[in-house]
Amino acid sequence: MSYGSWLTLVKNAEKTSAVQGNVRKVHYRFPDGREMAEEYSMDTGVVLRRAWKTKSELMRKDEWKIELGDPIPSGFKENELLVKESSSEPLLSKRLTRNSIEWRIRNLPYPLCTYSITCDKNKKNITIRTSNKKYFKNIEVPEFQRCNYTPQQEEMTVKHQNATLIILYKKPKILLEMEKAVLMELQAVETMEFDNLNCEELLADLMT
C-alpha cells in the first residue's frame, strides 16, 4: 500500500463521528466491507485506539482485532477479541505520541544487553530476539506499510526498566504528513456530541 492508496480508502469510507469529553470516536465502513474504529485525543489529534473488524472464515463471525491501544478497549466484547493471557507472559502494547511510535513489552526481566532489536527493511517491521533464546517477536508496523516507508535503525531507541522493554521509533516525515492529511479529511465529517453518554455505550453504538 502507498500513502495515496490509504488516503483514498479513508476518503471513500462511510464515516460516523461522535465526541465525548476530549475524545473523538470515528467509525469507518470501507467499500471492501472492512470496518475500522478509532479514538482521537481532541487535545493532541493523536490516535489513542484503533481496531479492525474482520470476518473469521473459520468461526464465520465478525471479530475485532486491536491494532493500537489497550489490549481490550472499553466497549468491546472481550470474548470476541482475544483470550486473556497469563499475567506472567510477555504482553505487548502500542501507543502513538505526536512524534513517535512506542511499544512496551511487559514481563521481560532480562537485562538490556540480552536483546537484539532490528528493523527489517524488506518487511517494514521490527524484530526482537534475545541472546538466551527466551523471546522472539516480529512486530508489524501498519503505519510503515500504509505510507510505504522503509524503517531505519538509527531512528529507533530502546530502553529497559521495571521488567519492561520500551522501543521508541521517531515518526518519519511522510507519516506525519499522512496523519495530518487524514485529520484534514475528518474535519469534513459531521460530528455528534454527547455530554452524558457513557463511553462504553458510545463505542458499542458506533460498532453496531
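Please refer to the structure higher up on the page.
Residues numbered from 1 in each chain as written. Predicted model: local features only at pLDDT ≥ 70, side-chain atom pairs only at ≥ 80, totals over all residues. Heavy atoms only, no water.

(A) Fine view of the sheet that holds strand S10 (residues 136-139). Sheet architecture is open: 3 strands sit in the order S8-S9-S10, paired in antiparallel fashion. One side of each edge strand has no neighbouring strand; the edge strands of this open sheet are strand S8 (115-120) and S10. This sheet shows a mean twist of 15° between the axes of neighbouring strands, independent of strand direction. Where strand S9 (residues 125-130) and S10 come together, 4 bridges link them in antiparallel fashion. In the sheet register, Arg 129 faces S10, and the bridge partner there is Phe 136. (Pairing = 2+ DSSP bridges. Helix = DSSP H or I, 4+ residues; strand = E, 2+ residues; numbered from the N terminus. Axes fitted to C-alpha atoms, helices over the stretch in contact; angles between N-to-C directions.)

(B) Looking closely at the packing of aromatic side chains. In this structure the tally under the stated criterion is 8 aromatic pairs. An angle of 55° between the planes, with centres 6.1 Å apart, marks the rings of Trp 6 and Trp 52 as tilted. Taken as a pair, Trp 6 in helix H1 (residues 3-12) and Trp 52 in strand S4 (residues 47-56) lie far apart in primary sequence, 46 residues in all. The exposure class of Trp 6 is buried, given its relative accessible area of 5%. The interplanar angle of 45° and the centroid separation of 6.3 Å between the aromatic rings of Tyr 110 and Tyr 115 together place this pair among those described as tilted. Under the relative-accessibility criterion, Tyr 110 is labelled partly exposed at 21%. The class of Tyr 115 is buried, set by a relative accessible area of 10%. Aromatic ring contacts, followed pair by pair, group Trp 6, Tyr 28, Phe 30 and Trp 52 into a single cluster. (Phe/Tyr/Trp six-rings, centres within 6.5 Å; stacked < 30°, edge-to-face > 60°. Buried < 20%, exposed > 50% of the residue type's maximum accessible area, 1.4 Å probe, protein only.)

(C) Structural detail: the sheet that holds strand S6 (residues 91-96). Read from one edge of the open sheet, 4 strands run S6-S7-S12-S11, paired in antiparallel fashion. Single-partner strands in this sheet number two, and they are S6 and strand S11 (156-161). Each adjacent strand pair in this sheet contributes to an overall mean axis angle of 15°, direction not counted. Direction of pairing for S11 relative to strand S12 (residues 164-170): antiparallel, over a ladder of 6 bridges. Following the sheet pairing, Lys 159 is matched in S12 by Ile 166.

(D) The arrangement of the environment of Glu 14 in detail. For Glu 14, the position within the fold is in strand S1 (residues 14-20). Remark: the alpha-carbon pair of Glu 14 and Tyr 28, spanning 14 residues in sequence, is separated by 5.6 Å. Apart from the residues within four sequence positions on either side, Glu 14 is in contact with His 27, Tyr 28 and Arg 29. (Contact = heavy atoms within 4.5 Å.)

(E) Representation of the nonpolar core. Formed by 39 residues in total, the largest nonpolar core has its most connected members in Tyr 28 and Ile 128. Residues in contact with Ile 128, not counting those within four places in the same chain, are Ile 105, Tyr 115, Ser 116, Ile 117, Tyr 135, Phe 136, Lys 137, Ile 139, Leu 165 and Ile 167. (Core = buried A, V, L, I, M, F, W, Y, C linked by side-chain atoms within 4.5 Å.)

(F) Spotlight on the pattern of salt bridges. A complete count under the given rule lists 13 salt bridges for this structure. Across the pair Lys 15 and Glu 185 runs a salt bridge, and its minimum N-O distance is 3.8 Å. Of this pair, Lys 15 sits in strand S1 while Glu 185 is found in helix H3 (residues 173-186), placing the two residues 170 residues apart along the sequence. Assessed through its relative accessible area of 17%, Lys 15 is described here as buried. Of the charged contacts in the structure, one is a salt bridge between Glu 67 and Arg 50, with a shortest N-O distance of 2.8 Å. Here Arg 50 lies in strand S4 and Glu 67 lies in strand S5 (residues 61-68), a separation of 17 residues in the sequence. In this pair, the class of Glu 67 matches that of Arg 50, namely buried. Each member of the salt-bridge network shares a partner with another, and the members are Glu 38, Arg 50, Glu 67, Lys 94, Glu 143 and Arg 146. (Salt bridge = Lys/Arg side-chain N within 4 Å of Asp/Glu carboxyl O.)

(G) Structural view of the side chain of Lys 25. By the secondary structure assignment, Lys 25 is in strand S2 (residues 23-29). Note on Lys 25: relative accessible area 3%, which makes it buried. At 2.7 Å, the side chain of Lys 25 and the side chain of Glu 39 are in polar contact. (Polar contact = N/O pair within 3.5 Å; in protein donor to acceptor, adjacent residues only side chain to side chain.)

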